[in-house]
Each structure stands twice: as structure tokens, then as C-alpha cells.
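# Residue-level structural notes
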Amino acid sequence: QPSMQDVQKSLVSQLAANASSTRLAEFESSLRVTFAALPKDNGGLLGHQAVRYMLHRQMLQRHGWFVVGLEPNDVAPPPYLNGEWVPSFLQGVLEQRLGGRGIDLHELAALAAALEDIVHKETAQRLETTYQLLNLPIVAELDATQADKVIMSFAMLYLEGNFTHKAVDLPVLETYYSKDYADWRKVERWFREIEMRYLKSSSGTTDKYKMPALLKVVDEIGKHFGEFNDRECKNLKDMFYQMEDKRMVGRVSLSEFYKKGLHSHWNFNEKADYLRQLGALDESDPTMPRVIGPNYLGARTNCLESSSLYAVCCRNECEDLMLHLEGVIAAPKAEPERIAQLVAALPSDSVAAPRKLPTALLGRLQDVAVQHGGMVPLHGRLFAQWMHHAYPRECPFPHQTGTVSPLTPNEWMREAGQENAKASAEEMQTQVASDTCSGTGPCSEARDLPWSSTEELFVSQGTPVHDHKEEQEGGWTAFNVAMLLLAAALFVTGQWPHARELPAALALLEEAAGASKRRADLQKCATVAGLAAAAAGFGILDPSAFGLAACLGIVAFTAPRLLAQVKTKNDKSWA
């Protein structure tokens, strides 16, 4: 486990790196397209939610790492489990250093690089553990056979996700992987390819290898295992969609899912309750539950829990499609007509292009635009849902926040009080037997994919939708009310400024109003108090009016919080 000191050192090191650093430049390049398309504040900086969203996407696309603690709907408070605290602590340290002003592209790249550095530190610790299990001094110079033994032992422990084994366990693991692990020869061959590619190039000699040379190899195993895993994910996807329910694209009936699990080596056997928790079960037709392809393929049940900091998961193919749209649009929102034109010309692994989008699909996109004043936010739940309809085999169905959770099988078992996340043979046979559809009659009729009109914004869209609407409709904020009442108090008490004092008073009001828009509620309250104090300094406010201004400052501080409690569910944003 990395320490807080390790995390802080990694961040400080990356922030201190020269802006021309090749590594940071590489991160900036890979982040730039999505950074440009995300909503920002007036200074062009990303807020807290947007940073989490980008880090999650970056690590998943770059390495296939599902970083624990960066889940899109992760709202769990501390204490975090295992390594879950790391990304939140890392981001918190940076935000504190910056005074909460937001994060620019270079700082975001430093965050991503620091996160990789922390993974590197864990890898180094695990390599030391492997040396100890093999009773080798960490300063030893190893020959080729010994180096291969260390690397392959590390690889097996990496696949296990468990470096707490004892030395006596290693022969047992070797026997298991060589005889019982499916496709071990293929996995072993890939590990040795990485070993051959990096070991000699990392060593000063061709026949003796020190720990830094081996560390380079195992580091690259972690960084690139996602690429090997993608091959396995492709096989899983191909097999899954061989069972596809022709009545609802992108889905497999739970009965067919279990039937394949019962009569083949494929482990399609997760309990229905667990699939539901993962967001991989479509029950829009109560008589025919279906497994949602993209949600299942990317779920934690198909991830390798190889680190306390991340799991290796199947890549979200929808991210490639989104990256293309973000690159072309280069803005947080776009007109529905432009999006439709781009998507009609954008192929995927299972969708040919160019194509004519269905009328119903175009209508859905227009509905989303109407809900947002004529523009479609690219990073909201409704657009993600629309993309699921446009690419049902690549884009996951976005459930509402709080209804699903990306739990590992062990986490789900603890939370649900279950002994196993896998369905028993009897449970699967019961589900298969309950499927009475013969493929004719009502069972053969195509069904529309489910649609929910609830919006949630994955990242803040600058000025919140409800605040913007209130301003457009002539609504008054607490600050506006406070300023109006203060002016009335000055007028009633006869303390309205003379002509010579009016320009200064108006300038003060303008500055205060500008500050109120840029800062948090607490700063708004301070602005009102500062305004009143300045007015007293000008000689235009008596003590009674000053007391009134103080009271109104409290109003300005508390009113937005009271209003926030009654905001509609549609105005929520994902963490």
C-alpha cells in the first residue's frame, strides 16, 4: 500500500517537472481533445467532477486500468477500502495547493502522471516481495534463468492479485497455472515477449540482471497487460453476441446466458441479483430479463483484480466514438443536427457507416436538445443513453446515479450477505426452464430499447442549468435581493450617496456583483459585508443600515442552500 507521503511526493515531483517534459507532454497530448470538450469555468479550468471524470477515462483507455476510487458514480465517503483513497487524496492535495481555483491541462497531466508513479511504487514493492518469496537478495545480480524465474513468479502473483502468498505456495501456483489455468500457454508467451523486449535493453550487461532491469519488465507488464486483455475481451464479446436476442439488439436473454454457462466452458453464471447491481440486467420486460452487452462486458466481474489501486478491465469501446465526437466538436455542447450528421458517418465494430439514422433516434436527440435550450450536452446521461441506442453493442446503458454499483464479486457478497456471486446449476436450470418463448408469436416481436428522460450531468456545465434558467426567467438570487434591500435601506434612512459619491458607490456595487458570480456562497456573504463596510467608510451608511446589511449577508449565505434542497432531480450531476 502506498503511503500518503508517497502520494504527495509523486504529485510534487510531477508538478515540478519542466513543462517540456516528454512524459507530461505525452499525457497532455492524450488528454487535450477531451479537455477541450469539457465544460470549464471562466478561466478555462476544470472543476472537481470533470477532473475525476477525465482521470477515470484516461486510465481506462491508456492501460485498461479501472482505478478504484475514481468510479463515475463513486460518492462513498472516507474511510476508503484498500487503495480507494489514493486518487481522491491526490486530487485533494492538488486542489488545496491551487486554492480551489480549478485545474488546467498541465496540472491534469501531472495528476495522471503522479497516479502512474504511485502504481510504479506499488509494483516496486511487489517485486521486492517476489524476491523475498524466492529467497533472493534484492541487491543480487541474477543470471537469465533466475531473472526469468522472478518475472514469471511475479506474473503469476499479478494474475492472482495477491502478493501475500508464502514461499511454499509458489510451487502450487506453478502447478495450477501450467495444468489448470485456461490458455496459460498463450498468457505465458505474452509475458515472455514483454520480458524479451525490455529485460536486456534495461540492463548494462547481457548476462547479469539487477533489480532495476527486472522492475522495468514488471512495470511494463502492468502498463500493457490491458492490451493482452483486449484480445480476451474480443473473444468474450464475440461469444456473447453469438447468443444475441434478435428481438432486442445488444442484449442476451438471461436464459440463453445461463444455457451457455451450463453447457460450455464459458463462465456465464453470475447471479441475477449481482448482474442487477452491476447495471448489466435489463428488466424492462419483466417476463424476459436480458443481459446488457456493453454493461456486462465492462463490468467488474470480467476484470482482473491485479492491484490494490486498479483492476484490468475490458476497454469501453464507446470511448473511442466519444473521443472522435469530442475532437470534431471541441465544445461541451453541440446542435442536434451536427451530432446526427457526425454519428451517421461514424462506424463502430458492429455498425457500418455511412448510414441513415432512424427517425425515432433523431427524435430522441431533438428531445434532449429541447431539454437543454436547443443544445445537447456531450457529457450528460441523456446523450450517453442516446449513444447506447445508436451503438447498442459498444456503448453502455447509463443507469441513474445510485441505482447500480461497480462492485467486485467479493464486495457484492459482503454487501448482500451472499456466499457466492455465481448462480448454482439449479438456479440457472430454473431460469432456462422458465423461458417459454418458442421464437414465434409475441416472443418474436422486436422491442424498443428502454429510454428514461432523467438527465444527469457527468461533469458540471459551468453555470448549473437551474441557476441559468432562473436568471433567464427573471428570477432573483439571494445576492440580488440583498443588494435591492440594501439600496432601499439607504434610501429610507436618507443615506443615499450624493452625486459626487455615486460613481464610487456604483463601482463598488459592480465589483461586488462580479465577485458574487465568481466565488462560492461564503465569499458572497463576505462581499456583502465588505460592501457595507466600504459604504460606511464613504459616509453613506449609518450603523442601523450597517446592521441591516449584515442581516442581509446572512440571507445571501443561507438562501441558496435552502433553494438547493428543493432543486429537481433532473438537475443532479454525477460525482
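Note that the coordinates shown come from a computational prediction; the quantities given were computed from them, not determined experimentally. (Residues numbered from 1 in each chain as written. Predicted model: local features only at pLDDT ≥ 70, side-chain atom pairs only at ≥ 80, totals over all residues. Heavy atoms only, no water.)

With that settled, the discussion passes to the overall build of the protein chain. Regarding its fold elements, the protein chain presents 23 helices and seven strands. By residue count, 47% of the 575 residues in the protein chain fall in the buried class. Accessible surface, the protein chain as shown: approximately 27,600 Å² in total, 55% of it carbon and sulfur. (Helix = DSSP H or I, 4+ residues; strand = E, 2+ residues; numbered from the N terminus. Buried < 20%, exposed > 50% of the residue type's maximum accessible area, 1.4 Å probe, protein only. Areas by Shrake-Rupley, 256 points an atom, 1.4 Å probe, with all protein chains shown as cover.)

Applying the stated criterion to the full structure yields 34 salt bridges. Between Glu174 and Lys149 there is a salt bridge, and its shortest N-O distance comes to 2.6 Å. Residue Glu174 is found in helix α7 (residues 169–179), and its partner Lys149 is found in helix α6 (residues 144–160); the two are separated by 25 residues along the sequence. Given the relative accessible area of 27%, Glu174 is considered partly exposed. Since its relative accessible area comes to 36%, Lys149 is described here as partly exposed. A salt bridge links Lys186 to Asp183; the nearest nitrogen and oxygen atoms lie 4.0 Å apart. Via salt bridges that share partners, Arg23, Glu26, Arg62, Glu116 and Asp117 belong to a single interconnected network. (Salt bridge = Lys/Arg side-chain N within 4 Å of Asp/Glu carboxyl O.)

On to the state of the cysteines. For the coordinates displayed, the defined rule picks out three disulfides. There is a disulfide in this structure between Cys233 and Cys314, and the S-S distance comes to 2.0 Å. Around the S-S axis, the bridge from Cys233 to Cys314 shows a dihedral of about -90° and counts as left-handed. Placement of Cys233 in helix α9 (residues 211–242) and of Cys314 in the loop between β5 (310–312) and α13 (318–329) is noted, with a sequence separation of 81 residues between them. (Disulfide = S-S within 2.5 Å.)

This part is about the packing of aromatic side chains. Applying the stated criterion across every chain yields a total of 24 aromatic pairs. Grouping aromatic residues by their ring pairs yields a cluster made of Phe154, Tyr158, Phe163, Trp190, Phe191, Phe225 and Phe228. The lysine or arginine in question, Lys40, covers the ring of Phe35, its NZ or CZ lying 5.0 Å from the ring centre. Sitting above the plane of the Tyr391 ring, Arg355 keeps its charged end 5.0 Å from the centroid. (Phe/Tyr/Trp six-rings, centres within 6.5 Å; stacked < 30°, edge-to-face > 60°. Lys NZ or Arg CZ within 6 Å of the ring centre and 35° of its normal.)

Below, the discussion takes up the sheet that holds strand β4 (residues 290–292). Ordered by their spatial adjacency, three strands build an open sheet running β2-β4-β3, and the pairing between neighbours is antiparallel. Looking along the sheet, the strands with just one partner apiece sit at the ends: β2 (251–253) and β3 (281–282). Pairing of β2 with β4, which is carried by three bridges, proceeds in the antiparallel orientation. Bridge assignment links Val252 to a residue of β4, and that residue is Val291. The strands touched by helix α10 (residues 254–262) are β2, β3 and β4; relative to β2, the strand with the most contacts, the crossing angle is about 75°. (Pairing = 2+ DSSP bridges. Contact = heavy atoms within 4.5 Å. Axes fitted to C-alpha atoms, helices over the stretch in contact; angles between N-to-C directions.)

Moving on: unusual backbone geometry. With an omega of 5°, the peptide bond between Ala353 and Pro354 qualifies as cis. Tracing the backbone through its elements, the reader meets Pro354 in the loop between α14 (336–344) and α15 (359–371). Backbone geometry at Asn135 places phi at a positive 60°, although glycine is not the residue there. Looking at where Asn135 falls in the secondary structure, it is placed in the loop between α5 (105–133) and α6. According to the relative accessible area criterion, Asn135 is exposed, its value standing at 71%.

Between α14 and α15, the shortest axis-to-axis distance is 9 Å and the interhelical angle comes to 145°. Seen from above, α14 lies across α15 with right-handed handedness. Between α14 and α15, the contacting residues are Pro336, Glu337, Ile339 and Ala340 on the first element and Leu362, Leu365, Gln366 and Ala369 on the second. Residue classes in the contact of α14 with α15 are distributed as six nonpolar, one polar and one charged. (Left-handed = near helix turned anticlockwise from the far one by under 90°. Nonpolar A, V, L, I, M, F, W, Y, C, P; charged D, E, K, R; others polar.)

Turning next to the confidence of the model for the protein chain. Residues with a pLDDT of 70 or more make up 74% of the protein chain, whose mean pLDDT is 81. Note on residues 74–81: pLDDT is under 50 here. Beyond four places in sequence and across chains, it has six contacts. Considering only residues more than four positions removed or in separate chains, one finds that residues 496–522, a stretch of pLDDT under 50, has 29 contacts. (pLDDT = per-residue confidence, 0-100.)

Here Gln371 is to be found in helix α15. The exposure class of Gln371 is partly exposed, given its relative accessible area of 33%. C-alpha separation for the pair Gln371 and Ser453, spaced 82 residues apart in sequence, amounts to 9.4 Å.

Bringing empty space enclosed by the protein into the picture now. Applying the stated criterion to the full structure yields two cavities of 30 Å³ or more. Quantified by volume, the largest cavity comes out at close to 100 Å³. Lining of the largest cavity is provided by 16 residues; of these, Val119, Thr123, Tyr158, Gly222 and Tyr310 occupy positions nearest its centre. Of all the secondary structure elements, the ones that give two or more residues to the lining of the largest cavity are α5, α6 and α9. (1 Å grid on protein atoms, 1.4 Å probe; cavity = no way out; pocket = protein on both sides within 12 Å on 5 of 7 lines; lining within 4 Å. Points joined across faces, edges and corners; volume = space filled by probe spheres on them.)

This part takes up the nonpolar core. Among the nonpolar cores identified, the biggest contains 79 residues, and Leu108, Leu127, Tyr158, Phe191, Leu214 and Phe225 are the most heavily contacted of them. The element that contributes the greatest number of residues to this core is α5, accounting for 13 residues. The contact partners of Leu214, leaving out residues within four places of it in the chain, are Leu127, Tyr131, Leu142, Ala147, Val150, Ile151, Leu199 and Tyr209. By size, the runner-up hydrophobic cluster in this structure holds 27 residues, among which are Leu321, Ala340, Ala344 and Leu378. (Core = buried A, V, L, I, M, F, W, Y, C linked by side-chain atoms within 4.5 Å.)

Glancing now at the environment of Glu160. Considering the arrangement of structural elements, one finds Glu160 in helix α6. Note on Glu160: relative accessible area 33%, which makes it partly exposed. The spatial distance from the C-alpha of Glu160 to the C-alpha of Ser306 is 6.6 Å, given a sequence separation of 146 residues. For Glu160, the residues in contact, after removing those within four places along its chain, are His165, Leu173, Tyr176, Tyr177 and Glu305.

On to the side chain of Arg300, then. Inspection of the secondary structure assignment puts Arg300 in the loop between α12 (293–297) and β5. Within polar-contact distance, the side chain of Arg300 engages the backbone oxygen of Pro406 at 3.4 Å. Once you skip the residues sitting within four places of it in the chain, Arg300 turns out to touch Phe66, Val68, Glu71, Leu278, Glu305, Ala311, Cys313, Pro406, Leu407, Thr408 and Pro409. (Polar contact = N/O pair within 3.5 Å; in protein donor to acceptor, adjacent residues only side chain to side chain.)

We now examine the packing of α15 against helix α16 (residues 381–390). Where α15 contacts α16, the two axes come as close as 10 Å, and the packing angle between them is 175°. If you check the angle between α15 and α16, you find them roughly antiparallel. Taken together, the residues of α16 that come into contact with α15 (itself represented by Leu361, Arg364, Leu365, Val368 and Gln371) are Leu382, Phe383, Trp386, His389 and Ala390. Partitioning the contact of α15 with α16 into residue classes produces seven nonpolar, two polar and one charged. (Parallel < 35°, antiparallel > 145°, perpendicular 65-115°, else oblique.)

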